[in-house]
Amino acid sequence: MRISAIQMNPGADKAQNLAQARELIQGALADGRPRIVALPEMWTCLGGDRAKKFAAAETLPPEGSNAAGGEAYECLREVARANKIHVHGGSIAELAGDLLYNTTVVFDPNGVEIARYRKIHLFDIVTPDGMGYRESATFKGGDRVVTFKAHGTTCGLAICYDIRFPELFLKLRQAGAEIIFLPAAFTVPTGRDHWEVLLQARAIETQSWIVAPACWGRHLDGSGEPRMTFGRTLIADPWGLVTARVPDGTGWITSRADATVTERIRRDMPVLAHRKFV
Ligand SMILES: O=C(O)CNC(=O)[C@H](CS)NC(=O)CCC(=O)C(=O)O
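Keep in mind the model is a prediction, meaning the values are calculated, not measured.

(A) Looking closely at the overall build of the chain. Regarding its fold elements, the chain presents 7 helices and 18 strands. Each principal axis of the C-alpha atoms in the chain carries an extent, and together these give about 55 × 45 × 35 Å. The buried share of the chain, taken over its 278 residues, is 57%. In the chain, of all internal contacts separated by at least 6 residues, the share reaching a separation of at least 24 is 67%. With the model as given, the accessible surface of the chain reaches about 11800 Å², and the carbon-plus-sulfur share is 52%. Charge centroids of the chain, computed over 33 positive and 31 negative side chains, lie 4 Å from each other.

Given below as structure tokens:
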């Protein structure tokens, strides 16, 4: 199954971000004939203040209802249906009372939402450059481990900072995942030292393909300090090798996630059966 991961440079203008996403997805489709296209974390609004984040956020329709949603939600649905592909919608801000959820939605080629995952681990840390992040001031954490099936393959969902919690990835593997999506907006100091290592480690441990679309560059909203993200969108195979990565700038990569590779690695090195503690 061929999968594309998109690297974007979203700002605080939602309409511009939607246009950028559509253009990059069309590029990936023309170039690589993927069956699944995946976007990065918070591609609808990055670098904006709290008010901009709330303005870009959407109320999601009740899960399983197939009712109409907001602008980004319907944009993802339309791209899936028009191109007959699965669309992994990176993550978008979901209205949840006085806070938001950081939420992934996935659409099948008929434009039906087949999965919804709310980021579990929130980024409340200080990076080595002294910058403080408090995601929990704006977002609530989810509490459900989510997988979905695409063309018979089980796929698992995680978002950004979740990558640092291997127990979530073990749960995804135990739920049958062979491909795990990790949309991100990594900081530059943590990305430089941890991004590839963490993704490769999770790929090796879970013996799964890891698809990690990332935001990249400066995210300006015309006021205050620009926010910077690391980028380096990549796909790793279940042996942990990086099969493709996007250089600085916007763009995409496409890799073929070959199930026979996954099966062989899991058969020859049955780490799941060898576990002692969980
Ligand atoms: O807040 C938004 O607008 C979008 N969300 C993000 O950018 C999130 C929370 S601040 N970023 C991360 O989780 C970075 C993780 C990271 O960089 C690491 O684990 O090192």
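There is more to say, and it comes next.
(B) Highlighting the nonpolar core. One finds Ile-179, Phe-181 and Trp-195 to be the most contacted residues of the largest nonpolar core, which totals 46 residues. Grouped together as the second largest cluster of nonpolar side chains are 23 residues, Leu-18, Ile-25, Leu-39 and Val-105 included.

(C) A look at unusual backbone geometry. The backbone phi angle of Arg-33 is positive, close to 45 degrees, even though this residue is not glycine. By secondary structure assignment, the location of Arg-33 is in the loop between helix H1 (14-32) and strand E2 (36-38). Assessed through its relative accessible area of 61%, Arg-33 is described here as exposed. The residue Lys-84 is not glycine, and still its phi comes out positive at about 55 degrees. On the basis of relative accessible area, Lys-84 is assigned to the exposed category, the value being 52%.

(D) Up close: the side chain of His-219. Along the polypeptide, His-219 turns up in strand E14 (residues 216-219). Looking at His-219, its side chain comes within polar contact range of the main-chain oxygen of Gly-217, at 3.2 Å. The contact partners of His-219, leaving out residues within four places of it in the chain, are Asn-9, Pro-10, Leu-46, Gly-47, Pro-226, Arg-227, Met-228 and Thr-229.

(E) The arrangement of the pairing of strand E1 (residues 2-7) in detail. Most of E1 sits out of view: 5 of its 6 residues are buried. Relative to strand E18 (residues 251-256), E1 is paired through 6 bridges, and the arrangement is antiparallel. From the neighbouring strand, Ala-5 faces E18, where its bridge partner is Ile-253. Sheet topology places E1 next to E2; 3 bridges connect them, and they run parallel. Pairing of Ile-3 across the sheet is with Ile-36, part of E2. Between the parallel pair E1 and E2, the chain is carried across by H1, and the sense of this crossover is right-handed.

(F) Broad picture of the confidence of the model for the chain. Of the residues in the chain, 99% reach a pLDDT of 70 or more, and the chain-wide mean stands at 96. Across the whole predicted complex the pTM is 0.97, and at the interface the ipTM reaches 0.92.

(G) Representation of helix H4 (residues 166-174) in the model. Buried residues of H4: Leu-168, Phe-169, Leu-170, Leu-172 and Arg-173, and no others. The positive-phi residue at the C-terminal boundary of H4 is Gly-176, with phi of around 100 degrees.

(H) The site of the ligand, seen in detail. Around the ligand lies a shell of 15 residues, among which Lys-53, Lys-119, Arg-164, Thr-190 and Arg-227 are the nearest. The separation between an oxygen atom of the ligand and a polar side-chain atom of Lys-53 is 3.3 Å. At 2.4 Å, a side-chain N or O of Arg-227 approaches an oxygen atom of the ligand. A class-by-class count of the residues in the shell around the ligand yields 7 nonpolar, 2 polar and 6 charged.

(I) Region of interest: the packing of aromatic side chains. Inspection of the entire model under this criterion finds 6 aromatic pairs. Residues Phe-148 and Phe-181 carry aromatic rings whose centres are separated by 6.2 Å and whose planes lie at 25 degrees to one another, so their mutual orientation is stacked. Here Phe-148 is found in strand E10 (residues 147-150), whereas its partner Phe-181 is found in strand E12 (residues 179-181), with 33 residues between them in sequence. In terms of burial, Phe-148 and Phe-181 fall into one category: buried. Ring centres of Tyr-161 and Phe-165 lie 5.2 Å apart, and the angle between their planes is 80 degrees; on these two criteria the pair is classed as edge-to-face. Taking the relative accessible area as the measure of exposure, Tyr-161 reaches 15% and is therefore buried. An aromatic cluster is present here, built from Phe-123, Tyr-133, Tyr-161 and Phe-165 joined pairwise through their rings. A cation over an aromatic ring shows up here: Arg-118 above the ring of Tyr-101, its NZ or CZ 4.6 Å from the ring centre.

What counts and how
- Residues numbered from 1 in each chain as written.
- Predicted model: local features only at pLDDT ≥ 70, side-chain atom pairs only at ≥ 80, totals over all residues.
- Heavy atoms only, no water.
- Helix = DSSP H or I, 4+ residues; strand = E, 2+ residues; numbered from the N terminus.
- Buried < 20%, exposed > 50% of the residue type's maximum accessible area, 1.4 Å probe, protein only.
- Contact = heavy atoms within 4.5 Å.
- Areas by Shrake-Rupley, 256 points an atom, 1.4 Å probe, with all protein chains shown as cover.
- Lys, Arg positive; Asp, Glu negative; His and termini not counted.
- Charge placed at Lys NZ, Arg CZ, Asp CG, Glu CD.
- Core = buried A, V, L, I, M, F, W, Y, C linked by side-chain atoms within 4.5 Å.
- Polar contact = N/O pair within 3.5 Å; in protein donor to acceptor, adjacent residues only side chain to side chain.
- Pairing = 2+ DSSP bridges.
- Right-handed = clockwise from strand over helix to strand, strands pointing away.
- pLDDT = per-residue confidence, 0-100.
- Near = heavy atom within 4 Å.
- Nonpolar A, V, L, I, M, F, W, Y, C, P; charged D, E, K, R; others polar.
- Phe/Tyr/Trp six-rings, centres within 6.5 Å; stacked < 30°, edge-to-face > 60°.
- Lys NZ or Arg CZ within 6 Å of the ring centre and 35° of its normal.

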